[in-house]
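Close look at the chain arrangement
Next come the chains, spelled out residue by residue.
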Amino acid sequence: MSAASCLLTEDQFMCSICLDVFTDPVSTPCGHNFCKTCITQHWDVNVLCQCPNCKEVFNTRPELQVNTFISEMAAQFRQSAQQKASSSSSEQQAAKSGEVPCDVCTGTKLKALKSCLVCLDSYCETHLEPHLTMSGLKRHQLIDPVENLEGRMCTKHDKLLELFCKTDQMCVCMLCTISDHKTHDVVPLKEGYEGKKAELEAEIQQMIQKRRLKIQEMKHSVELSKKDADREIADGVQVFSALKESVEKSQAELIDTIKGKRRKTEKQAEGFIKELEQEISELKKRSTEVERLLLSEDHLHLLQGFSSLNTALPTKNWTEVSVRPSTYEGTVVRAVNQLEETLSKQMKKLFEVELKRVQQSAVDVTLDPDTAHTKLILCDDGKQVKRGDVRKNLPDNPERFDTCPNVLAKKSFSSGRFYYEVQVKGKIEWDLGVARESINRKGAITLSPQNGYWTIWLRNTKEYKALADPRVCVSLKSQPEKVGVFVDYEEGLVSFYDVDAAALIYSFTGCCFTEKLYPYFSPSLNYGGKNSAPLIISPVNHSE
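What comes next is a walk through the structure. (Residues numbered from 1 in each chain as written. Predicted model: local features only at pLDDT ≥ 70, side-chain atom pairs only at ≥ 80, totals over all residues. Heavy atoms only, no water.)

Things to note about the overall build of the protein
- A tally of regular secondary structure across the protein gives eight helices and 23 strands.
- Relative to the compact-globule value of 24 Å for 544 residues, the protein shows a C-alpha radius of gyration of 55 Å, a clear excess of over 25%.
- With respect to the principal axes defined by its C-alpha atoms, the protein has extents near 200 × 80 × 35 Å.
- Across the 544 residues that make up the protein, the buried fraction comes to 33%.
- Considering only contacts within the protein whose residues lie at least 6 apart along the sequence, 57% involve residues at least 24 apart.
- Roughly 34,300 Å² of accessible area belongs to the protein as shown, and the carbon and sulfur atoms make up 53% of that amount.
- Side chains of the protein carry 71 positive and 76 negative charges; the gap between the two charge centres is 5 Å. (Helix = DSSP H or I, 4+ residues; strand = E, 2+ residues; numbered from the N terminus. Rg over C-alpha atoms; globule rule 2.2 N^0.38 Å. Buried < 20%, exposed > 50% of the residue type's maximum accessible area, 1.4 Å probe, protein only. Contact = heavy atoms within 4.5 Å. Areas by Shrake-Rupley, 256 points an atom, 1.4 Å probe, with all protein chains shown as cover. Lys, Arg positive; Asp, Glu negative; His and termini not counted. Charge placed at Lys NZ, Arg CZ, Asp CG, Glu CD.)

Digging into the packing of helix 6 (residues 189–294) against helix 8 (residues 331–358)
- Contact geometry for helix 6 and helix 8: axes closest at 10 Å, N-to-C directions at 165°. If you check the angle between helix 6 and helix 8, you find them roughly antiparallel. Seen from above, helix 6 lies across helix 8 with right-handed handedness.
- The class makeup of the residues in the contact of helix 6 with helix 8 is 11 nonpolar, seven polar and seven charged. (Axes fitted to C-alpha atoms, helices over the stretch in contact; angles between N-to-C directions. Parallel < 35°, antiparallel > 145°, perpendicular 65-115°, else oblique. Left-handed = near helix turned anticlockwise from the far one by under 90°. Nonpolar A, V, L, I, M, F, W, Y, C, P; charged D, E, K, R; others polar.)

Structural notes on the sheet that holds strand 6 (residues 121–123)
- If you trace the three strands from one edge of the open sheet to the other, you get 6-5-7, paired in antiparallel fashion. Bordering the open sheet on either side are strand 6 and strand 7 (142–143), each of which pairs with just one other strand.
- Of the pairings in the sheet, the one linking strand 5 (residues 114–116) to strand 6 comprises three bridges and is antiparallel in character. Among the inter-strand pairings, Cys116 is bridged to a residue of strand 6, identified as Asp121.
- The sheet contacts of helix 4 (residues 125–133) involve strand 5, strand 6 and strand 7, and relative to strand 6 the element is tilted by about 110°. (Pairing = 2+ DSSP bridges.)

A few points about the sheet that holds strand 16 (residues 453–459)
- Reading across the sheet, the six strands line up as 13-22-15-16-17-18 and stay open at both edges, with antiparallel pairing between neighbours. Of all the strands in the sheet, just strand 13 (407–408) and strand 18 (472–474) have a single pairing partner and so form its edges.
- In terms of strand pairing, strand 17 (residues 463–466) meets strand 18 through three bridges, oriented antiparallel. Of the residues in strand 18, the one forming a bridge with Ala466 is Val472.

Regarding the side chain of Asp498
- Looking at where Asp498 falls in the secondary structure, it is placed in strand 20 (residues 493–498).
- Looking at Asp498, its side chain comes within polar contact range of the main-chain nitrogen of Ala501, at 3.3 Å.
- Ignoring any residue separated from it by four or fewer positions in sequence, one finds Asp498 in contact with Ser478, Gln479, Pro480, Lys482, Ala503 and Ile505. (Polar contact = N/O pair within 3.5 Å; in protein donor to acceptor, adjacent residues only side chain to side chain.)

Considering the packing of aromatic side chains
- One pass over the full model with this rule turns up 10 aromatic pairs.
- On the numbers, 5.5 Å between centres and 75° between planes, the contact of Tyr453 with Tyr520 is edge-to-face. Note that Tyr453 is positioned in strand 16 and Tyr520 in strand 22 (residues 517–522), a separation of 67 residues in sequence.
- The buried category is assigned to Tyr453, whose relative accessible area is 1%. (Phe/Tyr/Trp six-rings, centres within 6.5 Å; stacked < 30°, edge-to-face > 60°.)

Spelled out as C-alpha cells, the structure:
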C-alpha cells in the first residue's frame, strides 16, 4: 500500500470542495469522491442534490457510506505529507525580521516563498506545494512574497485590485469599472505598471539630465568666475603697480626738490664764506703791516704808510648780507596734491572700465501703470514719468502707491545682475533705486533697506543722500544728469553711477535679498513747475 501510494498524486486525495486531503471520503453514485461533511453541507445549502464535479442531478439524496479504501489511502498520504513537511520544515529557516512569514504555519512561522493573489495568503515551501501540483490551484496568480495582501483588495467591493484607472491614477477592481470609473480610461495592472514604469524612468532620466545640465552650468559659472577673478587680479596688479610707481616717482621728486633747495642754500653760503675768508686773509696781512709800522718812530713814515693801508681795506658791507634757510613748507602738501590728481585720473579710468562692465548687464525696464500714484503721468511707452497736479480716477488696487508719488517697473528680478539708466536732467528732486515685492505701498513711507528700499535721492537741487540706516550724505563734484543703477542679486550689491562722469555715487553692500526686486522711481513733487522735468529711462550706450 505504501509503495502504491507513492505513485499517486495529491490531486487524487484532494476534496474539490474544501481543497484539502479527504476526511471521511464518500463516493456519489456518479463515482466522484468528497469529504462526507463537505458534500453533506453542499447539499444542505443547495435545493438540488447535484454533483459539484459533473453536475449530475439525483432525484433523491443518495445514502452515503465512507469509502474505507480511499480513507485509508488518504490517511496514509496525509501521514506521508506530514512527515515530508516535518522534514522540509527542519531544513527551512524561520522567517526573520523584514521577511514575509507563512500564513499557514502554526508555531514557528517559516519564511514564505510566494504569495497568492487569489487566496490572499503567503506560503512557505511546504504549504506552497498544493499551488504547484493541484490543477485547481495552479491557475492562481503567485507573486514574490509580500505583506498586507488585504491591501490588494478593493475596500468598497472586496474584489482583487487588478486594474489601473489612468484617469484617476488609482488601482481598481472589476466592479469599480461599472460604477465609479465607468467612463474612465482603465487598463490591466500590468499595462498600468509598464506605463508608470516608463513614465517614472523617463522622469528620472529627465531629472538626471537636468542635474547634469546644472552641473555643467555650475562648472561654467566657476570657469567664468575664475576668468573674472584672473582678469580682476591682473587689472588690480596693473593699477596698483601704476599707483606704486606714481607714489615712488612723487616721493623721488619730493626728495629731489628738497635736496635741490638745500644744495642751493649750501652753495650760496659756501660762496659768502669763501669771500669772507678771503677778506679775513687780506685783513690779517694789513694787520701785520700795521704792527710793523707801529714799531717805527718816524712819524712821517707812519702817517704816510697808514693812509695807504687804510685805502686797501675791504669795503663790502656784510651787515645786510645773510643766508636764509630754505623754506620747505607746502612742499610735501603740493607733492601729495599732485599725487592725488594722478590717483584721481587713475580712479576715473577704473570707474570707466567698471561702468562699461556693469553696462553689459543692461535690461529693458518699463514702468508699471498699475503701481503708479494717481497724480503721476506716464508716457505710453512706459519710459517716462513726471508729477502732475490732477489726481486721476484709477482703481485703488493693492499694488498702487496711494500717498507717495512712486512707481515701480513691470519686470522683477530674483537672481543674477541687472542694470538700467535714468535721465534726471533738469530736476531738483528725485528718488531712484530698487524695492522688494512685499513693500508697503499705502500711506506714508520711510525709504530704508529695513523697509525694503535701497535708494538714493536728490533734495534742494544739490543735496544727495543714500537712504541707508543711518542716511549717508554723498558729496559729488558735479550734478549727475544720468544715473545708472546696477544690482548683483547674489552678491547683495546695489550701486549707483554718474554715467557721464563715469563715477561711483554710492553702493549698498552686504544686502540679503530673498524676494523679487523691482526698479523704483519717484519724480517727487512738482513745486509749481520747478521740478516738472520727467524721469526718463534711457537706452544704455555700451560704447560710452
